Structure formats: C-alpha cells, structure tokens
Amino acid sequence: MDAVTAELVEKVRQRLRADGVDPARDAVAAQRIVRAEVRRHNDLAIARGLPPIDDEEACAASLLSSIGGWGALDAYLRDPTVEELWINAPDRIFVARAGRAERVPLRLADAEVRDLVERMLHAAGRRVDLSQPFVDASLPDGSRLHVVIPDVTRRHWAVNIRRFLAGHRTLAELAALGSLDDDAAVLLRDAMLDGRSVLVSGATHAGKTTLLAALLSECSATQRIVTVEETFELGVDAPDLVALQGRQPSLEGTGEITLRRLVKEALRMRPDRLVIGEVRDAEALDLVLALNTGVPCAATIHANSAAEALDKLAMLPLLAGRNIDRGFLLPAIVGGVDLVVHCERRPDGSRRIAEIAGVTGEVADGRIVTEALYRAGAGTRAGRRAVAS
C-alpha cells in the first residue's frame, strides 16, 4: 500500500467513525464518503501543484475493498472459481480452483494480514489472541475462516478461507459434472425422500459437504430439517430449516457450546431429519443414539472408504466414556445407518462419488456387513457384500 493510499484509508476511516457509518451495513453511505475523500484529495493536490489521482473511480473501489471488503484478497474472494484461499506467510498466498492449488502473485505486509483477519473476525463476532490462538468462524457470505497465530505457528499468521460456492447444490448438477451417474443420483434421491439415514465419507476436500448439501436439497419440502455444525458451512435452503452453530469458550473459559449439546437440543426441536455437518469426536455417540430414535439423520465423516467410515463411527463414541463398548455400538449403527456414500478427489482435482454401500443390518465376526450398491465406473447394484473392519 503506497503512502497516498494509506493516507486516504486513514482519512476515510476517520470520516466513517465520525459519521457512525458501518461499511458492512451501509455500503451506499460508505461509497459516498470514499468518493468525497478522493475528490478532496485531488482538489488539494491540484491546488498545491502535486500529481492528482488519475482514475478516481478505480481508487475509490480500491479504498472500499481495503475498508469495507477484504482488501487485496477481495478479487480472489469474489472470484466464483476460487474454492479456497490460504495464507502461509504474507508473501506465500495460495488459492484452489477446481481442486488444484496455485500460488498467486500477491504480497502483503504482516500488519495487513492481521488487519484483514481482525476485520473478518469482528464481522463474525469471534476473536483470536495469545490465550486463544486458534479460531473457526463463518464469514457473512458463508465462507469458513480458520486462523492460527504465533507462537503456535512459527512466524506468521496461518489463514484458511474455505468458500462454499453457490453452484452444484443438487444431485442433478453433480451428475452433469460427472461426479456420479444418473442411476446413482436416482438411488440417492429416493433414499432421501424415503427418509433413510445417510453417512457421507471421504478425505479432506473430497466434496463431502457439497454432496451433503445436495442430498438435503432432495428432501421433501414438508420435512423439518435441523442442522448442527461447528461453523455454518452447508448453506442449505429449505422451507422448514433450523441451522445451529457451536460456540467457542470465552477468554474466561465459559460460554462454550459443543456439538454434543447442540445434537441434544436439536432432538428437542421436532426434526424430521437431523444433520451433523461433520462427526469427528464424542458427538458420534449422540449421532448413534439419535439414529435409534427413529429420526432420519445425515452426517459427514473423514474416512478412506465406506467400510472405514462405519468402523470409525463405531470407534469415535468410545471417546465419550469408558462405559461404551462396541457390543452396544455395532447393533445401534446397523439399526440406524442405511447408506454410506464415499467421495474421492482424483489427481486432476475433480471430485466424484467412488462408492455407495448399503448397510445390510448384519454384524459378522464383530464387523458390519455392507452391500456395494454403486461403484464409480461400474454403475449401480454392483452387488458385492463386504464388511467394515
């Protein structure tokens, strides 16, 4: 940022504070103030024989991005092809497009990174400091922000902004992209309409959240959906929907709202379908218990295969206490989970559904028996029975 721009940014901020204008809430008033300050700067520059700003509109747009938007990151965060942006250091900034990472020609100062993050967290009502060096937050557009600061990181703030793009929110759209074939789309659509419980598995960035949102779009319009997430990511639009989000503890260690608490509260809200954005800890026990209340559920879980997803779902509840064992969990899981849909990201960055496994309701030798209903490239009804180890 050059000296002239820095001076204008400070003058605009002073005017915004003096007039009580919040750029996030009153963009029109903020634009008026920015343009007025740019014109005033040019009038003074001409009067003093200094070079004026040639393109006032471009300068005003840049100032608005610095003050009301996300500064130098704005162009990337408005780009509909950017799926994720991350900062390893002020001069090492990357984006992901179509599943592929690329470094962008952008260099910031440490102070700019901190200023951007603090404004993002202010908009989300969160904060980060030495006593709380990690933070997850949802930005106004639904993107997920994750920040880690030194001394947990070596020198610089580590920032990840994961965007959830508006496109590809239905099974038909995913099928058109080649993520699954039409028969598999029909199979999954029927499962959602029939009220079956579905577990979506896959590695990081395999498309689990996108698929879960697409599955929920196929639910009946009369269904009441209650979603539970650590930070809002699903972006589901349904006629009867309640979205719940957890909360981190305050600096005093109070006020935390865990996924386990949210699942219990969600069950009191008369859901026709309970959705857990991601199962990764002891909340798996609450999901298993919910599966056996007669309420259809849907969730995502990190795993390398459909069989491994079921095995992991049988292991995570053990984190909730020593009085839980697999002898209780396995029958509860086979009685509640109907389908496991496994996603994968291929070397070219594209995502697809690798397999759909049906839970047969049997446990053999301490393992859950499944039937392969679909495999990528082989179509539906592959017909092979397998077990989750």
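Here, the structure is the one placed above.
Let me begin by describing the structure that accompanies this report. Here the structure is a predicted model, which means the values were calculated and not measured.

### Remarks on the packing of aromatic side chains
Part 1: Scanning the entire structure with this criterion turns up one aromatic pair.
Part 2: Where Trp-86 meets Phe-94, the ring centres are 5.9 Å apart and the plane angle is 10°; that geometry is what we call stacked.
Part 3: A relative accessible area of 17% places Trp-86 in the buried class.

### Some points on the side chain of Glu-283
Part 1: By the secondary structure assignment, Glu-283 is in helix α10 (residues 283-291).
Part 2: No salt bridge forms around the buried Glu-283; measuring N to O, its nearest opposite-charge neighbour Arg-280 is 5.6 Å away.

### Remarks on the pairing of strand β13 (residues 351-364)
Part 1: Pairing of strand β12 (residues 339-345) with β13 involves seven bridges; the strand directions are antiparallel. Bridge pairing in β13 places Val-340 opposite Ala-357.
Part 2: Following β12, the chain reverses through five residues before pairing antiparallel with β13; Gly-349 in that reversal takes a positive phi of roughly 95°.
Part 3: By the bridge criterion, seven bridges tie β13 to strand β14 (residues 367-375) in an arrangement that is antiparallel. Its bridge partner being in β14, Val-363 is matched across the sheet by Ile-368.

### Regarding the nonpolar core
Part 1: The biggest cluster of nonpolar side chains holds 40 residues, and the ones touching the most others in it are Val-228, Leu-274, Leu-287, Leu-313, Ile-333 and Val-337.
Part 2: No other element matches α10, which puts six residues into this core.
Part 3: Residues contacting Ile-333, with those up to four places away along its chain left out, are Val-288, Leu-310, Leu-313, Ala-314 and Ile-368.
Part 4: One finds Ala-184, Ala-185, Val-198 and Cys-219 within the second-largest nonpolar core, a separate group that totals 33 residues.

### Things to note about the packing of helix α11 (residues 306-315) against helix α12 (residues 326-334)
Part 1: Where α11 meets α12, the axes come as close as 9 Å, and the angle between the chain directions of the two elements is 135°. Taken together, the axis directions place α11 and α12 in an arrangement best described as oblique. Between α11 and α12 lies a crossing of right-handed hand. For the pair formed by α11 and α12, the contact residues are Leu-310, Asp-311, Leu-313, Ala-314 and Met-315 on the first element and Arg-326, Leu-329, Leu-330 and Ile-333 on the second.
Part 2: Considering only residue class, the contact of α11 with α12 consists of seven nonpolar, no polar and two charged.

### Quick look at the pairing of strand β4 (residues 134-138)
Part 1: Counting buried residues along β4, four of its five residues qualify, which places the element largely inside the surrounding structure.
Part 2: Pairing of β4 with strand β5 (residues 144-148), which is carried by five bridges, proceeds in the antiparallel orientation. Bridge pairing links Phe-134 to Val-148 in β5.

### Let's talk about the sheet that holds strand β1 (residues 82-89)
Part 1: Spatially, the six strands line up as an open sheet ordered β3-β2-β1-β6-β5-β4, and their pairing is antiparallel. Looking along the sheet, the strands with just one partner apiece sit at the ends: β3 (100-103) and β4. Direction aside, neighbouring strands of the sheet carry axes that sit 15° apart on average.
Part 2: Contacts from helix α5 (residues 110-124) reach β4, β5 and β6 (158-162), with the element oriented near 55° to β4.

Calculation notes
Residues numbered from 1 in each chain as written. Predicted model: local features only at pLDDT ≥ 70, side-chain atom pairs only at ≥ 80, totals over all residues. Heavy atoms only, no water. Phe/Tyr/Trp six-rings, centres within 6.5 Å; stacked < 30°, edge-to-face > 60°. Buried < 20%, exposed > 50% of the residue type's maximum accessible area, 1.4 Å probe, protein only. Helix = DSSP H or I, 4+ residues; strand = E, 2+ residues; numbered from the N terminus. Lys, Arg positive; Asp, Glu negative; His and termini not counted. Salt bridge = Lys/Arg side-chain N within 4 Å of Asp/Glu carboxyl O. Pairing = 2+ DSSP bridges. Core = buried A, V, L, I, M, F, W, Y, C linked by side-chain atoms within 4.5 Å. Contact = heavy atoms within 4.5 Å. Axes fitted to C-alpha atoms, helices over the stretch in contact; angles between N-to-C directions. Parallel < 35°, antiparallel > 145°, perpendicular 65-115°, else oblique. Left-handed = near helix turned anticlockwise from the far one by under 90°. Nonpolar A, V, L, I, M, F, W, Y, C, P; charged D, E, K, R; others polar.

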